[in-house]
Amino acid sequence: MTGITHKVVAITGASSGIGEATARLLAERGAAVVLGARREDRLDALARDIRDRGGRAVACAVDVTRREDLHRLVDRAVAEFGRLDVLVGNAGISKIGPVADLDVDGWSAMIDVNVRGVLHGVAAALPVFRRQGRGHLVTTLSTAGLKITPTMAVYAGTKNAVRTVVEGLRQESTDGVLRTTSISPGYVSTELADSIDDPVLRGAVRENMAEFAIRPEAVARAIAFAVEQPDDVEIGEITIRPTVQD
Ligand SMILES: NC(=O)c1ccc[n+]([C@@H]2O[C@H](COP(=O)([O-])OP(=O)(O)OC[C@H]3O[C@@H](n4cnc5c(N)ncnc54)[C@H](OP(=O)(O)O)[C@@H]3O)[C@@H](O)[C@H]2O)c1
């Protein structure tokens with residue numbers, strides 16, 4: 001299968017930012033999208049809007065920290081549209097701060113959403129991909145994992161944990177069934193700063209976003225590029241950042 005038309009794509013973190021932009025773009029280009037996140041009202045409104053524009057979309061309330069919710073998301077895709085071609089493990093939170101602040105609760109929350117959440121998606125989607133004989137796992141990582149900077153150590157660690165798992169999974173899956181793509185965005189203008197508890201850091205990230213962040217649609221186009229490749233072409237890693245980001 002080549003292209004995006006007729007593919008069935010489940011997206012976590014679809015209620016805003018990169019996930020929402022990805023859902024809109026892929027639906028516009030003919031995919032059926034299954035939207036997962038916790039804010040059901042946002043998902044319902046997005047699904048309605050996509051359908052009003054002639055697309056195919058359903059909403060599914062999902063908390064990625066709960067393993068069973070990812071199974072429901074994948075089951076919903078199969079029930080509604082017959083299969084699952086792509087899982088975009090995109091849900092994420094950013095509770096940044098110096099390690100010395102010892103924000104153990106924030107660390108746990110990031111591990112639960114950013115790492116465990118993606119693993120729950122893998123656990124739910126992999127059996128379906130294997131049964132179908134093909135499937136594509138896309139994950140949203142971060143340039144924070146490529147250039148390590150103060151206050152982002154644990155957040156970067158969660159992203160690099162996923163980078164490692166996905167690369168291992170790729171090496172275990174060279175029979176042609178599974179494609180994996182990791183997208184590492186730099187500053188993107190989204191609601192991500194809302195999850196930062198420290199008001200000073202939250203303000204600084206919002207300032208950076210206002211000053212030079214790229215639009216989430218730019219990341220959506222990168223995801224679409226990976227998805228639209230023929231089955232025998234795997235786009236492994238994409239780094240996409242504002243041209244002016246250091
Ligand atoms: N913006 C950036 O500069 C940037 C840069 C690099 C990487 N990223 C990564 O990009 C991804 C998307 O973030 P974004 O920038 O688009 O921010 P965003 O607008 O805040 O979107 C985050 C999404 O994750 C969802 N989410 C959070 N916790 C969840 C949970 N427990 N269960 C299910 N969904 C959950 C949120 O939905 P609900 O609240 O409705 O659940 C929301 O849809 C994240 O993984 C982030 O780390 C962002």
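Residues numbered from 1 in each chain as written. Predicted model: local features only at pLDDT ≥ 70, side-chain atom pairs only at ≥ 80, totals over all residues. Heavy atoms only, no water.

Draft legend 1. Spotlight on the sheet that holds strand 3 (residues 56–61). Reading across from one edge, 3-2-1-4-5-6-7 is the order of the 7 strands in this open sheet, with parallel pairing throughout. Whereas interior strands pair on both sides, the edge strands pair on one side only; in this sheet they are strand 3 and strand 7 (237–240). Pairs of neighbouring strands in the sheet enclose a mean axial angle of 15°, with direction left out of account. Relative to strand 6 (residues 178–185), strand 5 (residues 135–140) runs parallel, the two sharing 6 bridges. Each residue of the ladder has a partner; that of Leu-137, found in strand 6, is Thr-180. (Pairing = 2+ DSSP bridges. Helix = DSSP H or I, 4+ residues; strand = E, 2+ residues; numbered from the N terminus. Axes fitted to C-alpha atoms, helices over the stretch in contact; angles between N-to-C directions.)

Draft legend 2. Spatial organisation of the site of the ligand. Near the ligand, the surroundings consist of 30 residues, among which Ser-15, Ile-18, Arg-38, Tyr-155 and Thr-190 are the closest. In the environment of the ligand, an oxygen atom lies 2.8 Å from a nitrogen or oxygen atom belonging to the backbone of Ile-18. Contact distances for the ligand include 3.3 Å between an oxygen atom and a backbone N or O atom of Gly-186. Secondary-structure elements contributing two or more residues to the shell around the ligand are helix 1 (17–28) and helix 5 (153–172). Here the residues of the shell around the ligand sort into 15 nonpolar, 10 polar and 5 charged. (Near = heavy atom within 4 Å. Polar contact = N/O pair within 3.5 Å; in protein donor to acceptor, adjacent residues only side chain to side chain. Nonpolar A, V, L, I, M, F, W, Y, C, P; charged D, E, K, R; others polar.)

Draft legend 3. Up close: the packing of helix 3 (residues 67–81) against helix 4 (residues 104–132). Remark: helix 3 packs on helix 4, axes separated minimally by 8 Å, with the N-to-C direction vectors making an angle of 40°. Considering their axes alone, helix 3 and helix 4 lie oblique with respect to each other. Here the hand of the crossing between helix 3 and helix 4 comes out right-handed. Across the interface between the two elements, Arg-67, Leu-70, His-71, Val-74 and Val-78 of helix 3 pack against Gly-117, His-120, Gly-121, Ala-123, Ala-124, Ala-125 and Val-128 of helix 4. Class assignment for the residues of the contact of helix 3 with helix 4 results in 7 nonpolar, 4 polar and 1 charged. (Parallel < 35°, antiparallel > 145°, perpendicular 65-115°, else oblique. Left-handed = near helix turned anticlockwise from the far one by under 90°. Contact = heavy atoms within 4.5 Å.)

Draft legend 4. Geometry of empty space enclosed by the protein. This structure, assessed with the given rule, holds 4 cavities of 30 Å³ or more. There is about 50 Å³ of room inside the largest cavity. Counting only elements with at least two residues in the lining of the largest cavity, the list comes to strand 4 (86–89) and helix 4. The element contributing the most residues to the lining of the largest cavity is helix 4, with 4 residues. Grouping the amino acids of the lining of the largest cavity by side-chain chemistry returns 6 nonpolar, 5 polar and no charged. (1 Å grid on protein atoms, 1.4 Å probe; cavity = no way out; pocket = protein on both sides within 12 Å on 5 of 7 lines; lining within 4 Å. Points joined across faces, edges and corners; volume = space filled by probe spheres on them.)

Draft legend 5. Quick look at the pattern of salt bridges. Applying the stated criterion across every chain yields a total of 20 salt bridges. Between Asp-69 and Arg-66 there is a salt bridge; the shortest N-O distance is 3.3 Å. A salt bridge links Asp-197 to Lys-95, with the nearest nitrogen and oxygen atoms 3.4 Å apart. Placement of the pair is Asp-197 in the loop between strand 6 and helix 6 (199–212) and Lys-95 in the loop between strand 4 and helix 4, with a sequence separation of 102 residues. Classification of Lys-95 by relative accessible area gives buried; the value is 17%. Among the charged side chains, a network of salt bridges with common partners joins Glu-20, Arg-24, Asp-49 and Arg-53. (Salt bridge = Lys/Arg side-chain N within 4 Å of Asp/Glu carboxyl O. Buried < 20%, exposed > 50% of the residue type's maximum accessible area, 1.4 Å probe, protein only.)

Draft legend 6. Representation of helix 2 (residues 40–52). Compared with an ideal rise of 1.5 Å per residue, which puts 13 residues at 18 Å, helix 2 spans 18 Å between its outermost C-alpha atoms and is within 8% of the ideal. Those residues of helix 2 not exposed but buried are Leu-43, Leu-46, Ala-47 and Ile-50. The buried residues of helix 2 occupy an angular sector of 100° when the element is viewed end-on, so they sit on one face. Exposed positions of helix 2 whose direction lies more than 90 degrees from the buried face are Asp-41 and Asp-52. Packed against the buried residues of helix 2 are helix 1, strand 2 (32–37) and strand 3. At the C-terminal side of helix 2, Gly-54 shows a positive phi close to 95°. (Expected span 1.5 Å × (residues − 1). Arc of directions from axis to C-beta.)

Draft legend 7. Structural view of the packing of aromatic side chains. Per the stated rule, a full pass over the model turns up 1 aromatic pair. Measuring from ring centre to ring centre gives 5.3 Å for Tyr-187 and Phe-212, while their planes differ by 80°; the resulting arrangement is edge-to-face. A residue pair is termed long-range when its members are at least 10 positions apart, and Tyr-187 in the loop between strand 6 and helix 6 and Phe-212 in helix 6 qualify at 25 residues. We classify Phe-212 as partly exposed; its relative accessible area is 22%. (Phe/Tyr/Trp six-rings, centres within 6.5 Å; stacked < 30°, edge-to-face > 60°.)

Draft legend 8. Molecular detail of the pairing of strand 2. Buried residues dominate strand 2, accounting for 6 of its 6 residues. What you see with strand 2 is no split at all: Ala-32, Val-34 and Gly-36 on one side and Val-33, Leu-35 and Ala-37 on the other are buried throughout. Pairing of strand 1 (residues 8–12) with strand 2, which is carried by 5 bridges, proceeds in the parallel orientation. Pairing of Val-8 across the sheet is with Ala-32, part of strand 2. Once the chain exits strand 1 it traverses helix 1 before rejoining the sheet at strand 2, and the crossover so formed is right-handed. Sheet topology places strand 2 next to strand 3; 6 bridges connect them, and they run parallel. Paired with Val-33 across the strands is Ala-57, a residue of strand 3. (Right-handed = clockwise from strand over helix to strand, strands pointing away.)

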